[in-house]
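Listed here are the chains, written in short residue letters.
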Amino acid sequence: MTPLTPQPDPRPHLRRGPQPDPERGAAVAATDRAHVFHSWSAQELITPLAVAGADGSYFWDYEGNRYLDLTSGLVYTNIGYQHPKVVAAIQEQAASLATFAPAFAIEARSEAARLIAERTPGDLDKIFFTNGGAEAVENATRMARLHTGRPKVLSAYRSYHGATAAAINLTGDPRRWPNDSGSAGVVHFWAPFLYRSPFYSENETQECERALQHLEDTIAFEGPATIAAVILETVPGTAGIMPPPPGYLAGVRELCDRHGIVLVLDEVMAGFGRTGKWFAVDHYDGVVPDLLTFAKGVNSGYVPLGGVAISGAIAETFARRPYPGGLTYSGHPLACAAAVATINVMEDEGVVENAARIGAEVVGPGLRELAERHPSVGEVRGLGMFWALELVRDRETREPLVPYNATGEANAPMAAFAAAAKANGVWPFVNMNRTHVVPACTVTESEAKAGLAALDRALDAADAHTA
């Protein structure tokens, strides 16, 4: 097959960043090294790139090197960097009411809640604002426990729900291990993932049926009357972007209804257009959670904001009983103004539709074409602007390109791939043996094709480690 050819750059004036300023970049990097403590990192083993600026789907460094951002920050710049309407909305809000306590009704907060509630499924019409996704998960699980009077919450092993106390215990990936608490009231289970099925399934129907049976058995052996909630990422994000098979979420909803368990869907990463729908649950007809957590794309990360969308039944629990939770910056005016502007931009400019179209017509087919050509690609999966390539040493055995949670020399093949991607002008989202393709939902067809062409070249580095 002929390698993909990048299309002409739609914004040639951004082919490189502004005038390079290496001295300033060196000063930024030195100050960062001296004073910034970075998350999830051994501080002396990292060298953060000094970023000079960003626009749309791109950012650039002080050397003038420009990168197509296939990470959308941390999968949150759904409308791209520096959208002028959102920047202007933040500026206008700062000039009129820069901040105000959460106990008051203010226009930006009320309007943001209204716009979110209009787009959430079912009767999720009450919005509790937080500063981000982890706090949204914290409060959702607290609401579920108080609503049911039960202590336990079930979550999937292949998951990430945040880094605060409850959220990190709900998380399934290895970041939980150093923070795990045996008294957290969390029970993990296996959610469906056909490519690496723990149930020895041969097709999606089997995987759905067996995963539901496994969850039903877990509920039975844990004691249904002790379980407050089941929390699932509607489409798991950091854990590998695995859209659930048809019928699975509906089956989970039925199990929860049968046992009086609250269903929490975590849409922190998958929400606000990322999957080509306003919320990922919209792909699964008839499924409505009791609580839905969001953050990231709600305002494209321009100002920190998250929240919980709450069903009528759970809201009624706290109609005459105080909810024992709150945050100093809940519904911060600047963050809410950014959310209002972002949602309006997404509506007016067809951002959700663009994510669906580019995903279906360009990114999905392009990634599947790469899989045909590169032996290191074991599976392609995703939807909208939410895709993953599972990289393997051997397609037949499905041995991962690097071991689970690999570091140092064991992770060298993925490090080589990441370095090759950057050398070809794209910034990749690499996690374990996968690279995720999650550009801005505003990405153009030509930008997407340029990104695919760069990945095509970078995958040669991964192919070098195949059997």
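What counts, and at which threshold
Residues numbered from 1 in each chain as written. Predicted model: local features only at pLDDT ≥ 70, side-chain atom pairs only at ≥ 80, totals over all residues. Heavy atoms only, no water. Helix = DSSP H or I, 4+ residues; strand = E, 2+ residues; numbered from the N terminus. Buried < 20%, exposed > 50% of the residue type's maximum accessible area, 1.4 Å probe, protein only. Core = buried A, V, L, I, M, F, W, Y, C linked by side-chain atoms within 4.5 Å. Contact = heavy atoms within 4.5 Å. Phe/Tyr/Trp six-rings, centres within 6.5 Å; stacked < 30°, edge-to-face > 60°. Pairing = 2+ DSSP bridges. Axes fitted to C-alpha atoms, helices over the stretch in contact; angles between N-to-C directions. Polar contact = N/O pair within 3.5 Å; in protein donor to acceptor, adjacent residues only side chain to side chain. 1 Å grid on protein atoms, 1.4 Å probe; cavity = no way out; pocket = protein on both sides within 12 Å on 5 of 7 lines; lining within 4 Å. Points joined across faces, edges and corners; volume = space filled by probe spheres on them. Nonpolar A, V, L, I, M, F, W, Y, C, P; charged D, E, K, R; others polar. Expected span 1.5 Å × (residues − 1). Bend = angle between axes of the 7 residues up to and from the residue. pLDDT = per-residue confidence, 0-100. Parallel < 35°, antiparallel > 145°, perpendicular 65-115°, else oblique. Left-handed = near helix turned anticlockwise from the far one by under 90°.

Student: Looking at this structure, I do not really get unusual backbone geometry. What am I missing?
Tutor: One can expect most non-glycine residues to show negative phi and most peptide bonds to be in trans. If you check the backbone angles, Trp40 has positive phi at about 55° while not being a glycine. The residue Trp40 is located in the loop between helix H1 (22-35) and strand S1 (51-55) in this model. Of the residues examined, Trp40 reaches a relative accessible area of 49% and is grouped as partly exposed. We note that Phe272 has phi near 55°; this positive angle belongs to a residue other than glycine. Structurally, Phe272 is set in the loop between strand S8 (262-266) and strand S9 (291-294). On the basis of relative accessible area, Phe272 is assigned to the buried category, the value being 0%.

Student: Where do I start with the nonpolar core in this structure?
Tutor: Note that soluble globular proteins tend to have their nonpolar side chains buried in a common cluster. With 105 residues, the main nonpolar core has Phe129, Phe189, Leu232, Tyr248, Val252, Phe272 and Leu367 as its most contacted residues. Here this core takes eleven residues from helix H10 (residues 333-348), the largest share from any one element. Apart from residues no more than four positions distant in its own chain, Phe189 is found in contact with Leu154, Ser155, Ala156, Tyr157, His214, Leu215, Thr218, Val230, Leu232 and Tyr248. Counting 21 residues, the second largest nonpolar core, distinct from the first, contains Phe128, Ala167, Leu170 and Val308.

Student: How should the packing of aromatic side chains be read in this particular structure?
Tutor: To describe a pair of aromatic rings, you give the distance between the ring centres and the angle between the ring planes. Throughout the structure, instances matching the rule amount to twelve aromatic pairs. A centroid spacing of 5.6 Å and a plane angle of 75° characterise the contact between Phe128 and Tyr323, whose relative ring orientation is edge-to-face. With Phe128 in strand S4 (residues 126-130) and Tyr323 in the loop between helix H9 (312-317) and H10, the pair connects residues that are 195 residues apart, well separated along the chain. Side by side, Phe128 and Tyr323 carry an identical accessibility label, which is buried. Measuring from ring centre to ring centre gives 5.2 Å for Phe318 and Tyr323, while their planes differ by 75°; the resulting arrangement is edge-to-face. For Phe318, a relative accessible area of 16% corresponds to the buried category.

Student: Explain the sheet that holds S8 to me, please; I cannot follow it from the model alone.
Tutor: The strands that make up a sheet pair up through hydrogen bonds in the backbone, lying either parallel or antiparallel. As summarised here, the arrangement of the seven strands in space is S4-S10-S9-S8-S7-S5-S6, forming an open sheet in which the pairing is mixed. Whereas interior strands pair on both sides, the edge strands pair on one side only; in this sheet they are S4 and strand S6 (186-189). In this sheet, neighbouring strand axes are inclined to one another by 20° on average, regardless of whether the strands run parallel or antiparallel. Strand direction decides the pairing type here: S8 and S9, joined by three bridges, are parallel. Bridged to Leu265 within S9 is Leu292.

Student: For this particular structure, what's the right way to read the environment of Met414?
Tutor: By the secondary structure assignment, Met414 is in helix H12 (residues 412-423). It is 7.6 Å that separates the C-alpha atoms of Met414 and Val430, two residues lying 16 residues apart in sequence.

Student: Even after reading the chapter, I still don't get the side chain of Asp456, so can you show me in this structure?
Tutor: Here Asp456 is to be found in helix H13 (residues 445-463). A distance of 2.6 Å separates a polar atom in the side chain of Asp456 from a polar atom in the side chain of His374.

Student: When you look at empty space enclosed by the protein in this model, what are you seeing that I'm missing?
Tutor: Leftover empty space is mapped by rolling, across the atoms, a probe with the size of a water molecule. By the definition in use, this model includes two cavities of 30 Å³ or more. Reported here for the largest cavity is a volume of approximately 140 Å³. Considering the residues around the largest cavity, the lining is formed by 15 residues, among which Ala191, Pro192, Leu232, Glu233 and Pro236 are closest to the centre. Contributions of two or more residues to the lining of the largest cavity are made by strand S7 (227-233) and helix H8 (248-259). The residue makeup of the lining of the largest cavity, split by class, is ten nonpolar, three polar and two charged. Contributing to the lining of the second largest cavity are Leu68, Leu70, Val363, Val437, Pro439, Val443, Ala448, Gly451, Leu452 and Leu455. Among the elements that take part in the lining of the second largest cavity, H13 stands out by supplying four residues, more than any other.

Student: It is not clear to me how helix H11 (residues 351-373) should be interpreted in this structure. Could you clarify?
Tutor: Note on helix geometry: an α-helix contains 3.6 residues per turn, so any two residues three or four positions apart are oriented the same way. Between the first and last C-alpha of H11 there are 31 Å, a value that for 23 residues agrees with the 33 Å anticipated at 1.5 Å per step. Largest kink in H11: about 50°, centred on Gly359.

Student: Sorry if this is basic, but what is going on with the confidence of the model for the chain here?
Tutor: Regions with low pLDDT carry predicted coordinates that are not meant to be interpreted in detail. Here the chain shows a mean pLDDT of 95. Residues at 70 or above account for 96%. Low pLDDT, under 50, characterises residues 1-15; the predicted model gives this stretch 37 contacts beyond four residues in sequence or across chains.

Student: Just to check I follow, could you spell out the packing of helix H4 (residues 107-119) against H10 for this structure?
Tutor: Packed helices, taken two at a time, are described by the angle their axes make and the gap between the axes. Viewed as axis vectors pointing N to C, H4 and H10 meet at an angle of 40°, and their least axial separation amounts to 8 Å. What the angle tells us is that H4 and H10 run oblique. The two elements H4 and H10 cross, and the hand of that crossing is left-handed. Across from Ala108, Arg109, Glu111, Ala112, Leu115, Ile116 and Arg119 in H4, the residues of H10 making contact are Pro333, Cys336, Ala337, Ala339, Val340, Ile343, Asn344 and Glu347. Its residues placed into classes, the contact of H4 with H10 shows ten nonpolar, one polar and four charged.

Student: Help me understand the layout of surface pockets in this model?
Tutor: Computed from the structure, the second largest pocket encloses a volume of approximately 440 Å³. Taken together, 18 residues line the second largest pocket, and the ones lying closest to its centre are Lys126, Ile127, Phe128, Phe129 and Ile310. The element that contributes the greatest number of residues to the lining of the second largest pocket is S4, accounting for four residues. Looking at the lining of the second largest pocket residue by residue, the class counts come to 13 nonpolar, three polar and two charged.

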